[in-house]
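Coordinate inspection notes
Single-letter residue listing:
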Amino acid sequence: MLQAAAFYIFSAIAVFSALMVVFAKNPVRAVLFLILAFFSAAGLFILLGAEFLAMILVIVYVGAVAVLFLFVVMMLDIDFAELKAGFAENAIVGGAVASVLALVLVLSGFIWVDANSAQANLAAPTPEGVSNVAALGALIYDRYVLFFQLAGLVLLVAMIGAIVLTLRHRDGVKRQDMHKQVNRKREDSVEIVDVEPGEGIG
Amino acid sequence: MFTAIANWWGSLPAELTWSLATIGQIMAFVVPLLLSLAFLLLMDRKVWAAVQMRKGPNTVGAFGLLQSFADFIKFVVKEIVVPAGADRPLFLLAPLLTFVFAFITWAVVPVAPGWVISDINVGILYIFAISSLGVYGIIIGGWASNSKYPFLGSLRSAAQMVSYEVSIGFILVTVLLMAGTMNLSALVEAQGGGFWNWHVLSLDMLPWPTFLITIPMFVIFFISALAETNRPPFDLPEAESELVAGYQVEYSSTPYLLFMIGEYLNIVLMCALMTVLFFGGWHAPFDFAPFTWVPPVFWFAIKVVFFFFMFAMVKALVPRYRYDQLMRLGWKIFLPTSLAAVFVMGAIVVYTRNAALGG
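This paragraph deals with the environment of B:Tyr321. Residues and elements named next belong to chain B. Tracing the backbone shows Tyr321 in the loop between helix H12 (296–317) and helix H13 (323–356). On the accessibility criterion, Tyr321 (29% relative accessible area) is partly exposed. In this structure, the C-alpha to C-alpha distance between Tyr321 and Pro233, residues 88 residues apart in sequence, is 5.7 Å.

Counting residues at the interface gives 32 residues for chain B, matched by 26 residues for chain A. In total, about 2,400 Å² of surface goes out of reach between chain B and chain A, with carbon and sulfur atoms giving 78% of it. Interface area lost by chain B to chain A is led by B:Glu15, B:Tyr136 and B:Trp143, which between them contribute 22%. The interface formed by chain B and chain A includes one salt bridge. A salt bridge links A:Arg29 to B:Asp87; its shortest N-O distance comes to 2.4 Å. Counting across the chain B and chain A interface gives three residue pairs in polar contact (both at pLDDT 80 or more). At 11 residues, helix H5 (residues 123–144) of chain B tops the list of elements feeding residues into the side of chain B that touches chain A. Here the side of chain B that touches chain A is composed, by residue class, of 21 nonpolar, five polar and six charged.

All names here are of chain B. Contact pair helix H2 (residues 14–51) / H12: the axes reach a minimum separation of 9 Å and the direction vectors enclose 40°. Classified by the angle between their axes, H2 and H12 sit oblique to one another. Where H2 crosses over H12, the handedness of that crossing is right-handed. On the side of H2, the interface is formed by Leu40, Met43, Asp44, Val47, Trp48 and Val51, while H12 contributes Val305, Phe308, Phe309, Ala312, Met313, Lys315, Ala316 and Leu317.

Now for a nonpolar patch on the surface. All names here are of chain A. Together, Val145, Leu146, Phe147, Leu150, Leu153, Leu156, Met159, Ile160, Ile163, Val164 and Leu167 line one region of the surface with nonpolar side chains, adding up to about 1,100 Å² of accessible area. Looking at the secondary structure, you find Leu150 in helix H8 (residues 145–166). Take Leu150: its relative accessible area is 44%, and that puts it in the partly exposed class.

To continue, consider helix H10 (residues 253–278) of chain B. Residues and elements named next belong to chain B. Under the 1.5 Å per step criterion, the end-to-end length of H10 is 38 Å for 26 residues, consistent within 8% with the ideal 38 Å. Extensive coverage of H10 is indicated by the burial of 23 of its 26 residues. Positive backbone phi, at 70°, marks Gly280, one or two positions downstream of H10.

Before going further, it helps to examine unusual backbone geometry. All names here are of chain B. Phi at Met53 takes a positive value of approximately 55°, unusual for a residue other than glycine. Relative to the helices and strands, Met53 is located in the loop between H2 and helix H3 (67–77). Not every positive phi belongs to a glycine, and Ser253 is a case in point at roughly 55°. One can find Ser253 in helix H10. Residue class for Ser253 comes out buried when judged on its relative accessible area of 3%.

Analysis parameters
Residues numbered from 1 in each chain as written. Chains lettered and ligands numbered in written order. Predicted model: local features only at pLDDT ≥ 70, side-chain atom pairs only at ≥ 80, totals over all residues. Heavy atoms only, no water. Helix = DSSP H or I, 4+ residues; strand = E, 2+ residues; numbered from the N terminus. Buried < 20%, exposed > 50% of the residue type's maximum accessible area, 1.4 Å probe, protein only. Contact = heavy atoms within 4.5 Å. Buried area = accessible area lost by both parts, 1.4 Å probe. Salt bridge = Lys/Arg side-chain N within 4 Å of Asp/Glu carboxyl O. Polar contact = N/O pair within 3.5 Å; in protein donor to acceptor, adjacent residues only side chain to side chain. Nonpolar A, V, L, I, M, F, W, Y, C, P; charged D, E, K, R; others polar. Axes fitted to C-alpha atoms, helices over the stretch in contact; angles between N-to-C directions. Parallel < 35°, antiparallel > 145°, perpendicular 65-115°, else oblique. Left-handed = near helix turned anticlockwise from the far one by under 90°. Patch = residues over 30% accessible without salt bridge, like charges linked within 9 Å, V, L, I, M, F, W, Y side chains within 5 Å. Areas by Shrake-Rupley, 256 points an atom, 1.4 Å probe, with all protein chains shown as cover. Expected span 1.5 Å × (residues − 1).

Written as structure tokens, this is what we have:
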């Protein structure tokens, strides 16, 4: 009974906050509702017995990705009137995209509606008596190790690409070089001059 | 008498008894935690005062023992001021988030054998997940204040906490590789039998000198914990010389109190984590008579208080970092070091396991 109650609470919050992501007028609030949706999805994962996925969802999406989202959105200077202005001309395209997405969701829902066939569709059945984390680890690092490594490599390439695109060296910018600072000797910069009165160092 | 109560308790529906028992456990954690926090706060101020050759709070109660309670009453009876341009719901939500996230992490911290609210098998991940949420209280608070200094402070803290989380994560991976489990109780159990078995020394791994990895990892964890909890020398989000008080500028009365309790609770949590991960949790330093008479929870508490003392000393002794130096330390020194440690520790674990299997 408690589990059923928890399920309904989490899914109600998830659906409500997902709707509020779209309907919220303030983009910062929209991102916060998105975070709430992630969070309740993590709760649903725990109810399914997938605690590892739930924790990773919270760590990666809520703890890191959404923080950067929020970071960017908070710094935007948003004009609400301008945001609403383009509603009419974009409504048709937006509606078309939304209905295609809805269709995909409903179709996939039909395929997975039967829990028994869903179990049969699993590429690897859930083993008995092994903790969730251990089972997932054995699968990822054993059977799918190549795909796992390739996915990591793709991410690495994307990361390096982003750095290369934004990295630029400008001349005339003063940067701190710790190594240089620490290795600087007294003799390099201090010169003791014996100045005669009334003559200067010229 | 007792059997009558037991029978009556057993006759209640299972959901109800489970809920009541869990709420009871939570209260048994929260109340001692808040009480000890009051005295830890006083200790923080006393240590700080002693370093600066002052007396510190000494008028309320004997030796100022009741100072924290006096402060508490003062905060609670003050008026809550919400700035005119602030986003009111979010402004009040932010301190609540900090407060709640600081508390719920304690659900998986084992203070003595079996003394834990929820003994889940992804305990380390849970702590990592919840501590990564702590940043939201600060960001939302800074943004909702609709004021420049809080906003700058919250931006700084967002970057800072995300950066240091990465190295903390890798250190956690190193430790869980050693223990082979993510359950915190099992992690502590693996360190039993004397201080040489604690992860920070881990002499039971000999002839592999794993302490060459774990001692630096502990130091990095300690420094990252300072940065993660916005403690001096990394208190840039609230640097009073630059940002007045950062994200807390617009807060007063109870919301400010919630921020402060959350912050100190996070510090105590970090001390507890160091105890659990590196210093054997509730285990006594020696596994024979006079030491084993002391209850385990006492050993846990004394280790936590010791680390809290270290935090207080750092606050008193070390000048504040500059922001770019902080980022450099996190990304260019701690991250590569901890990543290398994960790599080496993984290799050692794989080798020793295979050797044990005769492979």
